[in-house]
Amino acid sequence: MNTRDTSHLASLSPFELKDELIKLAGSVNNRLMLNAGRGNPNFLATVPRHGFWQLGLFAMVESERSFSYLAEGVGGFPRRAGIEERFDLFARSHADVPGVKFLASAVSFVRDQLGLDGGDFLYEMCAGILACSYPVPDRMLKLSEEIVKQYIRKEMVGAHPFASDFDLYAVEGGTAAMTYLFNSMKINHLLKAGDVIALGKPIFTPYIEIPELSEFGLAELAIDADATDGWQYSEKELDKLRDPKVKAFFLVNPSNPPSVKVSDKSLEYLAGIVQDRPDLIILTDDVYGTFADNFVSLFALCPRNTLLVYSFSKYFGATGWRLGVIAADKLNVFDEKIAQLPQAERDDLNKRYASITTEPEKLPFIDRIVADSRTVALNHTAGLSTPQQVQMVLFSLFSLMDTAESYKNAMKRLIRGRKAALYRGMGAAPGEVDENVVDYYTLLDVEQMSREVGPEFVKWLLASIKPHELLLGWRKRLASCCCRARASARCTRPAACRLPISMSRTT
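Since the model is a prediction, treat every value here as computed from it, not as a measurement.

**Student:** Explanation requested: the side chain of Ser259 in the structure shown.
**Tutor:** Mapped onto the secondary structure, Ser259 falls in the loop between strand S5 (246–252) and helix H10 (264–276). Assessed through its relative accessible area of 1%, Ser259 is described here as buried. At 2.9 Å, the side chain of Ser259 and the backbone nitrogen of Tyr440 are in polar contact. Sequence-distant contacts of Ser259, defined by excluding residues within four places in its chain, comprise Pro254, Asn436, Val437, Val438, Asp439, Tyr440 and Tyr441.

Set out below in structure tokens:
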């Protein structure tokens, strides 16, 4: 049979394999291709983007108030004095321009609802969007952090009782957050080569690959979600975390690729384990939480032990912006563990950070992450670019002011409608309604679906076709086998043989 040899692609990460799929799709004429590689949405939030561009125009007017006597094209820093009054004039004179009403409402919300100074907010936003200064503080701009913290509280904590306060570090998306965290946990001896870390599986495949790299040398323990129980973790699986050899638990919630949030019951059970294991480190990536109903992060239940990673990429259609945050409770196990290190290790760390503080032993772990991101010596130029922080703030305010949750509900309808359309096209039912299912992704169980063709076909499929071959050059081979099944009247769903099948690596 004349088929394409794809064996050399079997070892590639799914995110590299996508490039081969794009090439393959481009070779097919008269077909519409939706590039959903890396989970990139094809929708985006427009209102806060309109606000960004209009804020930029106002900031330029502010800049051009200074040094106007010099050559054309020269401006200066915005001035704090009177900036709120000047913005009011700008907003009234541009009231019909998209984005201006949103900006005016944002200033009012910041001042009247959050209790922050409107003029200070406008000054920080104007200076930030002009990008005329290094980020100060380097971890995150002062008012920007306060506003984004409110957004994180709303979306990640929700109605759950939460009395803790926490710090944020603005980073270049969730991937940068994970890179920085792994690096700093190694440097600060929170994780050492040979340590066992638990991974909630199925999981975002790089989280499997990173610990295996030689610079980390970590041993992995799977905490497997049960596909027959709605992709939830059983108590038996979670009880693996009670073993003191397990130093950390990393999970994606809602999961990737099953796209299911951890149930309330499992969250409570996990919190109970943490009470018994107060030394356990938890890292939760909650980028898809904003698509879920009544989402509560593990960070809300176990703030002392948990580092929260959140990205703005998916919910706001902002993958190109590279916007994310790391959240750490002000009273956390990470600082406690560092303080309890052997004296020799503490001395080495004090020497490492001595150039950026006179009291390195008191430097919080989250600020160590910032310093390590610039190999300490370049800490004075650390931090996410200020225009990125401004857009992050505007995204956050857009959500905070949307008390009717119009945008959130529209996003939920969109992704759930697409899932329903997919299953209709396959002639299949989407399954029972589950309050924990998010539907940003969906998994198709090819083996189970193939059982409707017949047991011989299933046996042939499992023996003959590798997962990546279902995506690359599989049509002729499947069609040949399915035609034989149809000819012998064993195929019950001939239409399904003509449908493309999408698969994700899950372990």
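**Student:** Would you mind showing me how to read the packing of aromatic side chains here?
**Tutor:** For any pair of aromatic rings, the description rests on two quantities: the centre-to-centre distance and the angle between the ring planes. For the structure shown, the criterion picks out 32 aromatic pairs. Centroid distance Phe67 to Tyr69: 6.4 Å. Interplanar angle 55 degrees. Geometry classified as tilted. Its relative accessible area of 42% is what places Phe67 among the partly exposed residues. Judged by relative accessible area, Tyr69 falls into the exposed class, the value being 67%. Each ring, one from Tyr310 and one from Phe312, has its centre 5.2 Å from the other, and the planes form 75 degrees; the classification is edge-to-face. The residues Tyr310 and Phe312 share a single accessibility class, namely buried. Positioned above the aromatic ring of Phe166 is the side chain of Lys149, whose terminal nitrogen or guanidinium carbon lies 5.5 Å from the ring centre.

**Student:** Which parts of the structure should I look at to understand the environment of Tyr180?
**Tutor:** Note on placement: Tyr180 falls in helix H7 (residues 173–187). Linking Tyr180 and Ser373, residues 193 residues apart in sequence, is a C-alpha distance of 6.1 Å. Here Tyr180 is in contact with Tyr169, Val171, Glu172, Ile369, Ser373 and Arg374, once residues within four sequence places are set aside.

**Student:** Sorry if this is basic, but what is going on with H7 here?
**Tutor:** An α-helix turns once every 3.6 residues. As a result, residues three or four positions apart point the same way. In a regular helix each residue adds 1.5 Å, so 15 residues correspond to 21 Å; H7 covers 21 Å between its end C-alpha atoms and thus fits that length. Those residues of H7 that fall on the buried side of the exposure criterion are Gly173, Gly174, Ala176, Ala177, Met178, Tyr180, Leu181, Phe182, Ser184 and Met185. Of the residues one or two after H7, His189 is the one with positive phi, at around 65 degrees.

**Student:** What am I meant to see in the sheet that holds S5 here?
**Tutor:** Across a sheet, strands are paired by hydrogen bonds formed along the backbone, either parallel or antiparallel in direction. Strand order across the open sheet formed by eight strands is S1-S8-S7-S6-S5-S2-S3-S4, with mixed pairing between neighbours. Each edge of the open sheet is held by one strand with a lone partner, namely strand S1 (166–171) and strand S4 (232–233). Of the pairings in the sheet, the one linking strand S2 (residues 196–201) to S5 comprises four bridges and is parallel in character. Counterpart to Ala198 in the pairing with S5 is Phe249. Strands in contact with helix H6 (residues 142–157) are S1, strand S7 (306–311) and strand S8 (324–329); relative to S1, the strand with the most contacts, it is inclined by about 105 degrees.

**Student:** How do you make sense of unusual backbone geometry when you look at a structure like this?
**Tutor:** Peptide bonds are trans in most cases, and residues, glycine excluded, mostly fall at negative phi. Note that the residue after Lys201, namely Pro202, is joined by a cis bond; omega there is 0 degrees. Inspection of the secondary structure puts Pro202 in the loop between S2 and helix H8 (206–212). At the junction of Asn256 and Pro257, the peptide bond is cis and its omega measures out at 20 degrees in the coordinates. Within the secondary structure, Pro257 sits in the loop between S5 and H10. A positive phi is found at Trp231, a non-glycine position, where the angle reads about 60 degrees. One can find Trp231 in the loop between strand S3 (219–226) and S4. Classification of Trp231 as partly exposed rests on a relative accessible area of 27%. A positive phi angle, near 55 degrees, is found at Asn294, a position not held by glycine. Its place among the elements puts Asn294 in the loop between strand S6 (281–285) and helix H11 (298–301). With relative accessibility at 70%, the residue Asn294 sits in the exposed group.

Rules used in this analysis
Every chain is numbered independently, its residues counted from 1 as its sequence is written. Reporting in this predicted model follows two pLDDT cut-offs: at least 70 for local features of residues, and 80 or more for side-chain atom pairs to be given and counted; totals over whole chains, interfaces and linings ignore these cut-offs and use all residues. The basis for every side-chain value is the complete set of heavy atoms in the structure, and neither hydrogens nor water enter the calculation. To qualify as a helix, a DSSP run of H or I must reach at least 4 residues; to qualify as a strand, a run of E must reach at least 2; elements of each kind are numbered from the N terminus. Whether a residue is buried, partly exposed or exposed follows from its accessible area with a 1.4 Å probe, protein chains only, as a fraction of its type maximum: under 20%, in between, or over 50%, in that order. Polar contacts here mean pairs of N or O atoms no more than 3.5 Å apart (in protein, one a potential hydrogen donor and the other a potential acceptor; neighbouring residues in sequence count only if both atoms are side-chain atoms). By the convention used here, residues are in contact when the closest approach between their heavy atoms is within 4.5 Å. Note on aromatic contacts: the rings of Phe and Tyr and the six-membered ring of Trp form a pair at centre separations within 6.5 Å, being stacked when their planes are under 30 degrees apart, edge-to-face when over 60 apart, and tilted otherwise. When the NZ atom of lysine or the CZ atom of arginine is within 6 Å of a ring's centre and also within 35 degrees of its normal, the charge is said to sit over that ring. Helices are assigned an expected span. That span is 1.5 Å times one less than the residue count. Strands are treated as partners if at least two bridges between them are detected by DSSP. Comment: axis = line fitted to C-alpha atoms, over the contacting stretch for helices; angle = value between 0 and 180 degrees taken between N-to-C directions.

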